[in-house]
Amino acid sequence: MLTIASWNVNSIRARLPLLLTWLREKNPDIVLLQETKIIDDQFPREEIEDLNYNIATSGQKSYNGVAILSKFPIEDITRGLSGFEDDQARYIEAVAGGVRVASVYVPNGSEVDSPKFDYKLAFLHHLYEHTQELLTYDEPLIFGGDFNIAPSDDDVYDPQAWHEKILCSTPEREALRTLINLGLTDGLRALHPNETSLYTWWDYQGRGWRANQGLRIDHFLLSSQAADRLSSATIDRDMRGAAKTSDHAPIRCQLTGDRVIS
DNA sequence: ATGGTTGCAGCGCAA
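All of these numbers come straight from a predicted model, not from anything done at the bench. (Residues numbered from 1 in each chain as written. Chains lettered and ligands numbered in written order. Predicted model: local features only at pLDDT ≥ 70, side-chain atom pairs only at ≥ 80, totals over all residues. Heavy atoms only, no water.)

Visitor: Explain the packing of aromatic side chains here, please?
Guide: Two measures describe an aromatic ring pair: the distance that separates the ring centres and the angle between the ring planes. Summed over all chains, the structure comprises seven aromatic pairs. An angle of 75 degrees between the planes, with centres 6.1 Å apart, marks the rings of Phe84 and Phe123 as edge-to-face. Here Phe84 is found in the loop between strand E5 (75-79) and strand E6 (91-96), whereas its partner Phe123 is found in helix H3 (residues 115-135), with 39 residues between them in sequence. We note that Phe84, like Phe123, is buried. (Phe/Tyr/Trp six-rings, centres within 6.5 Å; stacked < 30°, edge-to-face > 60°. Helix = DSSP H or I, 4+ residues; strand = E, 2+ residues; numbered from the N terminus. Buried < 20%, exposed > 50% of the residue type's maximum accessible area, 1.4 Å probe, protein only.)

Visitor: Is there a simple way to think about the protein's contact with DNA strand B in this case?
Guide: Taken together, 17 residues sit near DNA strand B, with Ser11, Ser62, Lys116, Tyr204 and Gln205 positioned nearest. A distance of 3.4 Å separates a phosphate oxygen of DNA strand B from a polar side-chain atom of Arg15. Ser62 is positioned with one of its side-chain polar atoms (N or O) 2.9 Å from a phosphate oxygen of DNA strand B. Per element, the largest residue contribution to the surface near DNA strand B is three residues, and it comes from helix H1 (residues 12-26). Looking at side-chain class alone, the surface near DNA strand B contains four nonpolar, five polar and eight charged residues. (Near = heavy atom within 4 Å. Polar contact = N/O pair within 3.5 Å; in protein donor to acceptor, adjacent residues only side chain to side chain. Nonpolar A, V, L, I, M, F, W, Y, C, P; charged D, E, K, R; others polar.)

Visitor: Can you help me understand the side chain of Asp155 in this one?
Guide: Mapped onto the elements of the fold, Asp155 is located in the loop between strand E8 (141-146) and helix H4 (170-180). A distance of 2.6 Å separates polar atoms of two side chains, one belonging to Asp155 and the other to Arg189. Leaving out residues up to four positions away in the same chain, Asp155 has contacts with Ala150, Arg189, Tyr199, Gly214, Leu215 and Arg216. (Contact = heavy atoms within 4.5 Å.)

Visitor: Can you help me understand the pattern of salt bridges in this one?
Guide: Tallied over the full model, the rule gives eleven salt bridges. For the salt bridge of Lys37 with Glu35, the shortest nitrogen-to-oxygen distance reads 3.9 Å. With relative accessibility at 13%, the residue Glu35 sits in the buried group. A single network of salt bridges, built from pairs that share partners, joins Asp155, Asp186, Arg189 and Arg216. (Salt bridge = Lys/Arg side-chain N within 4 Å of Asp/Glu carboxyl O.)

Visitor: What should I look at first to understand H1 in this one?
Guide: Side chains three or four residues apart in an α-helix point the same way, a direct result of the helix having 3.6 residues per turn. For H1, built from 15 residues, the straight-helix expectation of 21 Å at 1.5 Å per residue is missed by more than 12%, its first-to-last C-alpha distance being only 18 Å. Of all the bends in H1, the largest measures some 40 degrees and sits at Leu18. Those residues of H1 that fall on the buried side of the exposure criterion are Ile12, Arg15, Leu16, Leu18, Leu19, Leu20, Trp22 and Leu23. Here the buried face of H1 lies against strand E1 (2-8), strand E2 (30-34), helix H2 (45-49), strand E4 (66-70), helix H7 (237-240) and strand E14 (251-255). (Expected span 1.5 Å × (residues − 1). Bend = angle between axes of the 7 residues up to and from the residue.)

The structure is reproduced here in structure tokens:
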């Protein structure tokens, strides 16, 4: 069994104590982190290595930043999306534990039809093109990350309030659906088809968490070779209720077997 | 309630 987790930590410096507690408790084999907000030289490697993780990072100052933690050796590390000139650290990919994984931090987009929204769609377009190539490998492949898109109104606490707003607009939903339609499986929804309140993010502001006003914007997307082995997918909601926490909850999934890529 | 909260960096910006 292989456990893969993903968490937008909103600063690994601010989240380190809680991250370490959660790693000890859940002991995931592979962890995909987003919004580490730290340059690689300052990444808190030692504390995490002490829990027997290897680490691959792609960070920058103040914003963005992604990383992969793995109990297995991390091989074939690539940073950024092929063919996409981007000075923002939002994508890191590697092979570990017999699966190809990537930590993905899709741009938020700010407001629909803003320049940042155009950048969001451009990122998704290049993720689509890169995925087309990855799928030709016929490997177990898992994207985990903050996609900043709620796939449908079922993933939103108040669809009317969010109608055509950022994270929920038609163009970004179409971009995500097009990506998934290449042959990927939305792991959380596939295993919880009728679950309401399947949320991964709650706004810090207002009554967000207290009133369970959440959105499902963090996802696992699996190739068929990975989806065939998917046995569980869960949201660690309790972490969102912890003190000094991120506005995102971690997500975790389990694959049967291990080390399929030889 | 055009507010509210958090983190970084050093107080406006991104989310």
